[in-house]
Amino acid sequence: MASNDLTISFTVTQPPEAVFAAINDVRAWWSGAVEGSTNVLGATFTYRYQDLHSSRQTITELVPDRLVVWHVDDSQLNFISQPTEWDGTDVVFEIVPGDGATEVHFTHRGLTPDLECYEACAGAWNFYVVESLQRLIATGNGQPDCAE
(Lines give C-alpha, C1' and ligand atoms only; values in the text may rest on other atoms or scores of the structure.)
Protein backbone atom coordinates (compact mmCIF):
# COMPACT_ATOMS: atom_id res chain seq x y z
CA MET A 1 0.00 0.00 0.00
CA ALA A 2 1.47 3.34 -1.05
CA SER A 3 1.81 6.14 1.44
CA ASN A 4 1.14 9.81 0.88
CA ASP A 5 3.52 10.77 3.68
CA LEU A 6 6.22 13.26 2.77
CA THR A 7 9.31 11.25 1.82
CA ILE A 8 12.73 12.51 0.78
CA SER A 9 15.78 10.39 -0.08
CA PHE A 10 19.39 11.07 -0.93
CA THR A 11 22.70 9.22 -1.08
CA VAL A 12 26.07 10.23 0.35
CA THR A 13 29.51 8.66 0.29
CA GLN A 14 29.99 8.95 4.06
CA PRO A 15 29.54 5.87 6.27
CA PRO A 16 26.36 5.22 8.30
CA GLU A 17 28.09 6.32 11.53
CA ALA A 18 28.69 9.81 10.11
CA VAL A 19 25.11 10.03 8.82
CA PHE A 20 23.70 8.99 12.21
CA ALA A 21 25.87 11.52 14.04
CA ALA A 22 24.82 14.34 11.70
CA ILE A 23 21.09 13.56 11.99
CA ASN A 24 21.36 13.69 15.77
CA ASP A 25 23.21 17.03 15.67
CA VAL A 26 19.89 18.78 15.02
CA ARG A 27 21.20 22.29 15.85
CA ALA A 28 23.74 22.01 13.02
CA TRP A 29 21.13 21.55 10.26
CA TRP A 30 17.69 22.79 11.47
CA SER A 31 17.31 26.55 12.06
CA GLY A 32 15.65 28.06 15.09
CA ALA A 33 16.09 27.29 18.76
CA VAL A 34 16.46 23.67 19.79
CA GLU A 35 16.32 22.91 23.52
CA GLY A 36 16.96 19.54 25.08
CA SER A 37 18.87 16.42 24.11
CA THR A 38 18.54 15.34 20.48
CA ASN A 39 20.55 12.12 20.66
CA VAL A 40 19.18 10.09 23.61
CA LEU A 41 16.40 7.52 23.34
CA GLY A 42 13.35 8.73 25.25
CA ALA A 43 14.57 12.33 25.44
CA THR A 44 12.25 15.19 24.57
CA PHE A 45 13.41 18.31 22.78
CA THR A 46 11.68 21.44 21.64
CA TYR A 47 12.06 23.39 18.44
CA ARG A 48 11.05 27.01 17.95
CA TYR A 49 11.39 29.21 14.88
CA GLN A 50 10.37 32.81 15.47
CA ASP A 51 6.63 32.95 16.24
CA LEU A 52 5.81 30.70 13.25
CA HIS A 53 6.59 27.19 14.51
CA SER A 54 7.11 25.50 17.82
CA SER A 55 7.00 21.79 18.49
CA ARG A 56 7.97 19.19 21.07
CA GLN A 57 9.43 15.87 19.89
CA THR A 58 10.22 12.70 21.82
CA ILE A 59 12.90 10.39 20.46
CA THR A 60 11.02 7.09 20.27
CA GLU A 61 13.52 5.02 18.27
CA LEU A 62 17.28 5.39 18.11
CA VAL A 63 19.13 2.50 16.48
CA PRO A 64 22.80 3.45 16.00
CA ASP A 65 23.75 3.94 12.36
CA ARG A 66 20.30 2.71 11.19
CA LEU A 67 17.24 4.62 12.45
CA VAL A 68 16.09 7.80 14.22
CA VAL A 69 12.40 8.46 14.97
CA TRP A 70 10.91 11.53 16.64
CA HIS A 71 7.26 11.54 17.72
CA VAL A 72 5.72 15.01 17.60
CA ASP A 73 3.92 15.36 20.94
CA ASP A 74 2.80 18.94 20.50
CA SER A 75 2.99 21.51 17.72
CA GLN A 76 2.01 25.09 17.07
CA LEU A 77 2.25 26.08 13.40
CA ASN A 78 1.04 29.68 13.49
CA PHE A 79 0.91 30.12 9.71
CA ILE A 80 -2.10 27.82 9.18
CA SER A 81 -5.68 27.65 10.45
CA GLN A 82 -5.15 24.32 12.30
CA PRO A 83 -1.84 24.97 14.09
CA THR A 84 -1.65 21.50 15.64
CA GLU A 85 -1.47 19.55 12.34
CA TRP A 86 1.84 17.96 13.31
CA ASP A 87 0.53 16.55 16.60
CA GLY A 88 0.88 12.76 16.64
CA THR A 89 3.07 12.60 13.53
CA ASP A 90 6.49 10.94 13.35
CA VAL A 91 9.70 12.22 11.79
CA VAL A 92 11.71 9.22 10.57
CA PHE A 93 15.29 8.96 9.33
CA GLU A 94 16.26 5.57 7.92
CA ILE A 95 19.95 4.97 7.20
CA VAL A 96 20.70 2.27 4.64
CA PRO A 97 24.33 1.27 4.14
CA GLY A 98 25.42 0.31 0.65
CA ASP A 99 28.55 -0.46 -1.29
CA GLY A 100 30.58 2.74 -0.89
CA ALA A 101 27.51 4.86 -0.23
CA THR A 102 24.82 5.42 2.37
CA GLU A 103 21.17 6.12 1.56
CA VAL A 104 19.13 8.40 3.79
CA HIS A 105 15.35 8.03 3.68
CA PHE A 106 13.44 10.79 5.47
CA THR A 107 9.71 10.38 6.05
CA HIS A 108 7.39 12.67 7.97
CA ARG A 109 4.67 10.12 8.74
CA GLY A 110 1.34 11.88 8.90
CA LEU A 111 2.43 14.89 6.85
CA THR A 112 0.23 14.27 3.84
CA PRO A 113 -0.98 16.43 0.92
CA ASP A 114 -4.44 16.84 2.48
CA LEU A 115 -2.98 18.94 5.32
CA GLU A 116 -2.95 22.72 5.04
CA CYS A 117 0.74 22.96 5.95
CA TYR A 118 1.86 20.29 3.47
CA GLU A 119 3.19 22.56 0.74
CA ALA A 120 5.03 24.94 3.06
CA CYS A 121 6.27 22.14 5.31
CA ALA A 122 7.39 19.99 2.37
CA GLY A 123 9.37 22.93 1.00
CA ALA A 124 11.01 23.54 4.36
CA TRP A 125 11.82 19.86 4.92
CA ASN A 126 13.27 19.63 1.40
CA PHE A 127 15.61 22.48 2.22
CA TYR A 128 16.62 21.23 5.68
CA VAL A 129 17.02 17.58 4.68
CA VAL A 130 18.37 17.81 1.13
CA GLU A 131 20.40 21.00 1.45
CA SER A 132 21.36 21.49 5.09
CA LEU A 133 21.54 17.92 6.48
CA GLN A 134 23.10 16.47 3.34
CA ARG A 135 25.69 19.27 3.36
CA LEU A 136 26.41 18.65 7.05
CA ILE A 137 27.00 14.96 6.33
CA ALA A 138 29.21 15.65 3.30
CA THR A 139 31.23 18.63 4.56
CA GLY A 140 30.73 18.90 8.30
CA ASN A 141 28.84 22.19 7.91
CA GLY A 142 25.06 22.44 7.60
CA GLN A 143 23.10 25.48 6.42
CA PRO A 144 20.42 25.86 9.09
CA ASP A 145 19.98 29.60 8.64
CA CYS A 146 19.80 29.75 4.84
CA ALA A 147 16.16 28.75 4.33
CA GLU A 148 13.65 31.27 3.09
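### Some thoughts on unusual backbone geometry
A positive phi angle, near 45 degrees, is found at Gln50, a position not held by glycine. The exposure class of Gln50 is exposed, given its relative accessible area of 53%. Phi is positive for Asp65, close to 65 degrees, though the residue is something other than glycine. By the element assignment, Asp65 lies in the loop between β4 (53-63) and β5 (67-77).

### Details of helix α1 (residues 16-24)
Buried residues of α1: Pro16, Val19, Phe20, Ala22, Ile23 and Asn24, and no others. In this structure, the buried side of α1 is in contact with β1 (6-12), β4, β5, β6 (90-97), β7 (102-109) and α2 (118-139).

### A word on α2
With 22 residues, α2 should reach 32 Å at 1.5 Å per residue; the first-to-last C-alpha distance of 29 Å fits that figure. Immediately beyond the C-terminal end of α2, within one or two residues, lies Gly140, with a positive phi of roughly 90 degrees.

### With respect to the packing of aromatic side chains
The full count for this structure, using the stated rule, is twelve aromatic pairs. When the centroid spacing of 6.2 Å and the interplanar angle of 15 degrees are considered together, the rings of Trp29 and Trp70 count as stacked. In this pair, Trp29 sits in the loop between α1 and β2 (33-35) while Trp70 sits in strand β5, placing the two residues 41 residues apart along the sequence. For the residue pair Trp29 and Trp70, the accessibility class agrees, reading buried in each case. For the ring pair Phe93 and Phe106, a centre distance of 5.3 Å and an interplane angle of 65 degrees mean the geometry is edge-to-face. On the criterion of sequence distance, the pair formed by Phe93 in strand β6 and Phe106 in strand β7 is long-range, its members being 13 residues apart. Residue class for Phe93 comes out buried when judged on its relative accessible area of 0%.

### Remarks on the pattern of salt bridges
Taken as a whole, this structure holds one salt bridge when the rule is applied. Measuring nitrogen to oxygen at the nearest pair gives 4.0 Å for the salt bridge that ties Arg56 to Asp73. On the criterion of sequence distance, the pair formed by Arg56 in strand β4 and Asp73 in strand β5 is long-range, its members being 17 residues apart. A relative accessible area of 36% places Arg56 in the partly exposed class. Assessed through its relative accessible area of 29%, Asp73 is described here as partly exposed.

### Re the sheet that holds β6
Pairing is antiparallel in the open sheet, where seven strands are placed in the order β1-β7-β6-β5-β4-β3-β2. Lying at the two open borders of the sheet, with one neighbouring strand each, are β1 and β2. For this sheet, the mean angle separating the axes of adjacent strands, direction not counted, is 20 degrees. Taken together, the seven bridges between β1 and β7 define a ladder with antiparallel strand orientation. Its bridge partner lying in β7, Thr11 is registered against Glu103. Set on the sheet, α1 makes contact with β1, β4, β5, β6 and β7; between it and β6 the angle comes to about 165 degrees. Docked against the sheet, α2 engages β1, β5, β6 and β7, running at close to 15 degrees with respect to β1.

Criteria and cut-off values
- Residues numbered from 1 in each chain as written.
- Predicted model: local features only at pLDDT ≥ 70, side-chain atom pairs only at ≥ 80, totals over all residues.
- Heavy atoms only, no water.
- Buried < 20%, exposed > 50% of the residue type's maximum accessible area, 1.4 Å probe, protein only.
- Helix = DSSP H or I, 4+ residues; strand = E, 2+ residues; numbered from the N terminus.
- Contact = heavy atoms within 4.5 Å.
- Expected span 1.5 Å × (residues − 1).
- Phe/Tyr/Trp six-rings, centres within 6.5 Å; stacked < 30°, edge-to-face > 60°.
- Salt bridge = Lys/Arg side-chain N within 4 Å of Asp/Glu carboxyl O.
- Pairing = 2+ DSSP bridges.
- Axes fitted to C-alpha atoms, helices over the stretch in contact; angles between N-to-C directions.

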